[in-house]
Amino acid sequence: MHREDEPASVSAALAHRMRQDIAAAGGWWPFDRFMAAALYTPELGYYAHGGVKFGALPEGGSDFITAPELSPLFGRAVATQVAQVLDAAGLDEVVEFGAGTGALAAQLLEALGDRCRRYTIVELSASLRQRQQERLAAFGERVRWVDALPDRIEGVVVGNEVLDAMPVQLLHFDGARWLERGVAVEEWRFVFADRPTDLRPPVEGPFLPGTVTEIHPQARAFVATLAERLKRGATFFIDYGFPEAEYYHLQRHGGTLMCHRAHQADTDPLADVGLKDITAHVDFTGIALAGQDAGLDVLGYTSQAHFLMNCGLPALLAQAPLRERIAAQKLIEEHEMGELFKVVGFGRGLPDGFDPVGFANGDRSHRL
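What this report covers is the structure whose coordinates are included nearby. (Residues numbered from 1 in each chain as written. Predicted model: local features only at pLDDT ≥ 70, side-chain atom pairs only at ≥ 80, totals over all residues. Heavy atoms only, no water.)

A word on the pattern of salt bridges. Inspection of every chain in the model, using the stated rule, returns 13 salt bridges. With a shortest N-O distance of 3.8 Å, arginine 229 and aspartate 151 are connected by a salt bridge. Of this pair, arginine 229 sits in helix 7 (residues 217–229) while aspartate 151 is found in the loop between strand 6 (143–146) and strand 7 (153–160), placing the two residues 78 residues apart along the sequence. Of the charged contacts in the structure, one is a salt bridge between glutamate 339 and arginine 364, with a shortest N-O distance of 2.8 Å. Here glutamate 339 is found in the loop between helix 13 (334–338) and strand 18 (341–348), whereas its partner arginine 364 is found in the segment after strand 18, with 25 residues between them in sequence. Within this structure, Glu93, Arg118 and Arg144 form a network of salt bridges that share partners. (Salt bridge = Lys/Arg side-chain N within 4 Å of Asp/Glu carboxyl O. Helix = DSSP H or I, 4+ residues; strand = E, 2+ residues; numbered from the N terminus.)

So this is what it looks like as structure tokens:
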């Protein structure tokens, strides 16, 4: 039986543990450590406890909706790109990192059919893994779960809204110098606290005094690790973000850090730890460079709208019922997900002249 006070008790337990750990660390944590604890502490962190998280409406207890929950046409379109790689390289495995409710996995498995003989889900959350197993039971032994990236990958890796949930470091420019923004405790409350640092954004600026922004070493390290494991195939990341020239533009002097709860957004990650998602937009230039530096080929970079349309979404829309067409329009409308969300693709060992269908029109690799 679900008690009404259960979320509050989970948050209180997590905050208590985090306060103890901050004290043990000398009274200060860098923000990426705070974010990691708030999201991933076993049994207590946002992605580790049994809350609903994903869904269309807050009435069901969810906090936000992702593209696969919005429309099954999302996965069917993405499957066109996945199938092209599998066919061209003679491969039959898909690896998904952070599969949420399992919606995208179900859509890909159904659309790919026998092309995908094994679907591997890398899932760190026990509660989400259970939810995925229930949803994907019909696909039997074709689906397997692991808690770390496989040592060797030959296939297609897919990550939808994965990079935005990777912990970020915060930097604050006071007009004269850069400081790292971390977290301390005052009278049992979490508060921001700055310390001198040698860390810098990847661009020279200019920056306004008071600027707060993020850098993404964990996301870049993840891409580098993935590059080491990907022996042949491709990977596609779909997420909200910008190239670095836009990410670190003067107009974005407040940064991109955002929290999500009950389909409402706020900018205070220090409150209600464990009860809301904490994200930052993706610096796609940094992601592309991380993959390139690790030996991957950049296959393309474009908006979600262009990617899905290149992958046949217009034809899928034409065949869909009216209600489904209306929902799926949000995937490509500029003021919804179409422009804010981007897709970046990497490849290794693909046939000479391979031309990924998802980037056929509207490739923006030159803007990274």
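Let us look at the packing of helix 7 against helix 9 (residues 284–293). In the contact formed by helix 7 and helix 9, the axes pass within 8 Å of each other and the chain directions differ by 35°. Pair helix 7 / helix 9 crosses with right-handed handedness. Across the interface between the two elements, Ala219, Arg220 and Val223 of helix 7 pack against Gly286, Ile287, Leu289, Ala290, Gly291 and Asp293 of helix 9. Class assignment of the residues belonging to the contact of helix 7 with helix 9 gives a composition of five nonpolar, two polar and two charged. (Axes fitted to C-alpha atoms, helices over the stretch in contact; angles between N-to-C directions. Left-handed = near helix turned anticlockwise from the far one by under 90°. Contact = heavy atoms within 4.5 Å. Nonpolar A, V, L, I, M, F, W, Y, C, P; charged D, E, K, R; others polar.)

Okay, the sheet that holds strand 15 (residues 277–279) next. The strand order across the open sheet built from three strands is 14-13-15, with neighbouring strands paired in antiparallel fashion. Two strands in the sheet have a free side with no partner beyond their single neighbour: strand 14 (264–266) and strand 15. Strand-to-strand twist in this sheet, taken as the mean axis angle between neighbours without regard to direction, amounts to 30°. The sheet contact formed by strand 13 (residues 258–261) and strand 14 spans three bridges and is antiparallel. Along strand 14, the bridge assignment pairs arginine 261 with glutamine 264. (Pairing = 2+ DSSP bridges.)

Among the secondary structure elements, threonine 256 is positioned in the loop between helix 8 (244–247) and strand 13. Overall, threonine 256 belongs to the buried group, its relative accessible area being 6%. Excluding residues within four positions of it along the chain, threonine 256 makes contact with Glu214, Tyr247, Thr279, Ala280 and His281. (Buried < 20%, exposed > 50% of the residue type's maximum accessible area, 1.4 Å probe, protein only.)

Right, let's get into the environment of leucine 70. Here leucine 70 lies in helix 3 (residues 67–70). For leucine 70, a relative accessible area of 18% translates into the label buried. Separated by 261 residues in the primary sequence, leucine 70 and leucine 331 place their C-alpha atoms 8.1 Å from one another.

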